[in-house]
Amino acid sequence: MEFFESLYKGFEAEHYVAGKLFSVGYEAFKLPGDFGFDLIVTNQKEQSMGPRQKGRSLEPPFAIQVKCRSLKSSDFERTISGRDEAQVSISMKKEHLDLLISAKRNFLVIVLFVQGDARRFEDRTVHFWLGSGHINTLLEWGYFIPDETDRRVRNLMCSLRMFPMLSVGDILDSLTSQNHLTQEGKRILASELP
């Protein structure tokens, strides 16, 4: 059952990325097999019908590998800075990393599904892109570490740091106790701040 949960979560991430690409006028196609990439991206509509969007930093076609992880609130720890932080390991076959760095138009997109805890944060999806140049630099600097159990696999450790989560009441109480805010100012701000 775990295999299918992982498979379907991967499909969810790929469709999430494809949706983001469609929203900016690209077409994203899911590849039928695992060839080291999950999506191929074009702008055929613009090619066929125009008008061509100006100012894009990258013109298709390009290939994308999507990796995803799910995080629960229990995966986060409060750091000394007051921010919730979770460590995430992204695993990839070395041969897929080699494909990623083989052309400038290849990308790795990491999608993190954060399941919320109403007391700390709501559900959210976080994603970030790494181009072939970024991947190559991370490889050269030793950030993709060989897996101890399978030398064909490389692991990249990432940290997801959330913004500090402070309640308005706590902030106003702190300001009032330090005489930076009057009780009247606290009352006004409490009614205006979300």
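Each remark here, short or long, concerns the structure printed above.
Definitions and cut-offs
Residues numbered from 1 in each chain as written. Predicted model: local features only at pLDDT ≥ 70, side-chain atom pairs only at ≥ 80, totals over all residues. Heavy atoms only, no water. Pairing = 2+ DSSP bridges. Helix = DSSP H or I, 4+ residues; strand = E, 2+ residues; numbered from the N terminus. Axes fitted to C-alpha atoms, helices over the stretch in contact; angles between N-to-C directions. Contact = heavy atoms within 4.5 Å. Patch = residues over 30% accessible without salt bridge, like charges linked within 9 Å, V, L, I, M, F, W, Y side chains within 5 Å. Areas by Shrake-Rupley, 256 points an atom, 1.4 Å probe, with all protein chains shown as cover. Salt bridge = Lys/Arg side-chain N within 4 Å of Asp/Glu carboxyl O. Buried < 20%, exposed > 50% of the residue type's maximum accessible area, 1.4 Å probe, protein only.

**Q** I tried to follow the sheet that holds strand β4 (residues 77-78) on my own but got confused; where do I start?
**A** Through backbone hydrogen bonds, the strands of a sheet pair up, either in parallel or in antiparallel fashion. Read across the open sheet, the four strands follow the order β4-β5-β9-β8; overall the sheet is antiparallel. Both edges of this open sheet fall to β4 and β8 (144-146), since each of them pairs with a single strand only. As paired elements, strand β5 (residues 84-93) and strand β9 (residues 153-161) share nine bridges and run antiparallel to each other. Looking across to β9, one finds that K93 is bridged to V153.

**Q** Please clarify how the sheet that holds strand β6 (residues 106-114) should be interpreted in this entry.
**A** Reading across the sheet, the five strands line up as β1-β2-β3-β6-β7 and stay open at both edges, with mixed pairing between neighbours. The two strands at the open ends of the sheet, each matched to only one other strand, are β1 (27-30) and β7 (124-131). Averaged over all pairs of adjacent strands, the angle between strand axes in this sheet comes to 30°, irrespective of strand direction. Docked against the sheet, helix α1 (residues 2-23) engages β1, β2 (39-42), β3 (62-71), β6 and β7, running at close to 125° with respect to β3. Helix α4 (residues 132-140) rests against β6 and β7 of the sheet, and its axis sits at about 80° to β7.

**Q** Would you mind going over a nonpolar patch on the surface with me for this structure?
**A** Together, F3, F4, Y8 and F11 line one region of the surface with nonpolar side chains, adding up to about 470 Å² of accessible area. With respect to the element layout, Y8 can be found in helix α1.

**Q** For this particular structure, what's the right way to read the pattern of salt bridges?
**A** A side chain with one charge may pair with a side chain of the opposite charge, provided their charged atoms come close. Evaluated as defined, the whole model comprises eight salt bridges. For the salt bridge of E85 with R161, the shortest nitrogen-to-oxygen distance reads 2.8 Å. Placement of the pair is E85 in strand β5 and R161 in strand β9, with a sequence separation of 76 residues. On the basis of relative accessible area, E85 is assigned to the buried category, the value being 17%.

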